[in-house]
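# Observations on chain architecture
Each chain is listed here by its residues.
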Amino acid sequence: KLDSSNQVIVYVKTMTEPEIKEFQIKMNSINGVKAITFEPKERALEKLEKELDVTLEDQENPLSDSFYVFVSKNANVEQLRKSILALPEVQEIDMRASTIQKSITFNNNLDNILLYGLAGIGVFGVILIYNLTSFGIKARKKDVGTLTHIGVSNNFIRFTYLLEGIFLIGLASMAGFLIFLKLYDFILQGINLLNTNIATRSSRGELETLFFISFAAGIIITAIVNFSSTRKYLKFYKR
């Protein structure tokens, strides 16, 4: 929503269809233009009639054809404004340059925080799961030796520890996800206090996907650690 709010309305002179297509090509070639949408003056008049709850059929349409220009995150807003105004087809532009620039800066900073924050949390999570899983197997290395001596197969031993790891990861994932939902709702409410409904709640499907991704990642890490740790002790007791 923040991204789509960074838009400029460009009012243009009346053009034929080929001229409109040519103008769109020009606009798309300007640095900082992410996407454009054409709105003929007839459609703009219909919107105005609905907003004002009036009928203007007998009146001459005073509006201009317009383009909604969506600004990209790497845009130089002032340079973009000058480039648009330099086009001969442009009559006027509605552009809140300073607001758009602030929004772009905020968006980029937010992206960096999320990128580095999630990377840090990811690394921390991998290290934590690795240490806990390997420590759990190390603490019961005598059990591995006992099972090996009584003839239990290596695969059965590995599978037993893997099942235990999956059970613990399942509990941890559910507990972590419940904490996440509480924080998620709290942050969402805080953002919407500043700007009503700027951030909408994710769908149930999206939240479930997030849970299963974290759960699957935990299982994969646990399986790798389980295999490498048990392999070391199995080889030791086989000697």
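Predicted, not measured: the structure shown is a model, and the values here were computed from it. (Residues numbered from 1 in each chain as written. Predicted model: local features only at pLDDT ≥ 70, side-chain atom pairs only at ≥ 80, totals over all residues. Heavy atoms only, no water.)

### Observations concerning the overall build of the protein
Looking only at helices and strands, the protein has 8 helices and 4 strands in total. Within the protein, the proportion of its 239 residues that are buried is 29%. At a minimum sequence separation of 6, the contacts of the protein that also span at least 24 residues come to 78%. Looking at the protein as shown, the accessible area adds up to about 16,300 Å², and 62% of this sits on carbon and sulfur atoms. (Helix = DSSP H or I, 4+ residues; strand = E, 2+ residues; numbered from the N terminus. Buried < 20%, exposed > 50% of the residue type's maximum accessible area, 1.4 Å probe, protein only. Contact = heavy atoms within 4.5 Å. Areas by Shrake-Rupley, 256 points an atom, 1.4 Å probe, with all protein chains shown as cover.)

### Points about the pairing of strand 3 (residues 65-71)
Across the 7 residues of strand 3, 5 count as buried, placing the element largely inside the fold. By the bridge criterion, 6 bridges tie strand 1 (residues 7-12) to strand 3 in an arrangement that is antiparallel. The partner of Y11 across the bridge, within strand 3, is S66. Two elements, strand 2 (residues 33-39) and strand 3, share 6 bridges in a ladder whose sense is antiparallel. Within strand 3, the residue paired with T37 across the bridge is Y68. (Pairing = 2+ DSSP bridges.)

### So, a positive patch on the surface
Taken together, the side chains of K138, K141, K142 and K232 make up a positively charged region of the molecular surface. Assignment of secondary structure puts K138 in helix 5 (residues 97-139). (Patch = residues over 30% accessible without salt bridge, like charges linked within 9 Å, V, L, I, M, F, W, Y side chains within 5 Å. Salt bridge = Lys/Arg side-chain N within 4 Å of Asp/Glu carboxyl O. Lys, Arg positive; Asp, Glu negative; His and termini not counted. Charge placed at Lys NZ, Arg CZ, Asp CG, Glu CD.)

### Digging into a nonpolar patch on the surface
A surface patch of nonpolar side chains, about 490 Å² in accessible area, is lined by F106, L110, L114, L118 and I121. Relative to the helices and strands, L110 is located in helix 5.

### Thoughts on the sheet that holds strand 1
Adjacent strands of a sheet pair through backbone hydrogen bonds, lying either parallel or antiparallel. Across the sheet, which stays open at both edges, the 4 strands sit in the order 2-3-1-4 with antiparallel pairing between neighbours. Pairing within the sheet leaves two strands with one partner each, and these edge strands are strand 2 and strand 4 (90-94). Here the average twist between neighbouring strands, direction ignored, is 25°. Here helix 2 (residues 17-28) sits on the sheet in contact with strand 1, strand 2, strand 3 and strand 4, set at roughly 160° to strand 2. (Axes fitted to C-alpha atoms, helices over the stretch in contact; angles between N-to-C directions.)

### As for the pattern of salt bridges
Under the counting rule described, the total for this entry stands at 4 salt bridges. Between E89 and K26 there is a salt bridge, and its shortest N-O distance comes to 2.7 Å. A residue pair is termed long-range when its members are at least 10 positions apart, and E89 in the loop between helix 4 (77-85) and strand 4 and K26 in helix 2 qualify at 63 residues. Owing to a relative accessible area of 26%, K26 belongs among the partly exposed residues under this scheme.

### A word on the packing of aromatic side chains
Counted under the stated rule, the structure contains 7 aromatic pairs. Joined through ring pairs, the aromatic side chains of F177, F180, Y184, F211, F212 and F215 make up one cluster. (Phe/Tyr/Trp six-rings, centres within 6.5 Å; stacked < 30°, edge-to-face > 60°.)

### Thoughts on the nonpolar core
Counting residues in each nonpolar core, the largest one holds 23 residues, and the members touching the most others are V8, V10, F23, M27, F67 and I84. Beyond its immediate stretch of four places on either side in the chain, F23 contacts V12, M15, F67, L87, E89 and V90. Counting residues in hydrophobic clusters, the runner-up holds 5 residues, among them F177, Y184, L207 and F211. (Core = buried A, V, L, I, M, F, W, Y, C linked by side-chain atoms within 4.5 Å.)

### Digging into the confidence of the model for the protein
Low pLDDT means the predicted atomic positions in that stretch should not be read closely. In the predicted model, the protein carries a mean pLDDT of 81, and 90% of its residues have values of at least 70. Averaged pLDDT values over the elements of the protein bottom out at 66 in helix 1 (residues 2-5) and peak at 90 in helix 2. (pLDDT = per-residue confidence, 0-100.)

### Section: helix 4
All of the buried residues in helix 4 are V77, L80 and I84. The buried residues of helix 4 occupy an angular sector of 55° when the element is viewed end-on, so they sit on one face. Buried residues in helix 4 make contact with strand 1, helix 2, strand 2, strand 3, strand 4 and helix 5. (Arc of directions from axis to C-beta.)

### What to know about the side chain of E39
Turning to its location among the elements, E39 is positioned in strand 2. Since its relative accessible area comes to 6%, E39 is described here as buried.

### A short note on helix 6 (residues 141-149)
Among the residues of helix 6, those classed as buried are V144, G145 and T148. Buried residues along helix 6 cover an arc of 100° about the axis, so they all sit on one side. In the segment just after helix 6, G151 is the residue with positive phi, at about 95°.

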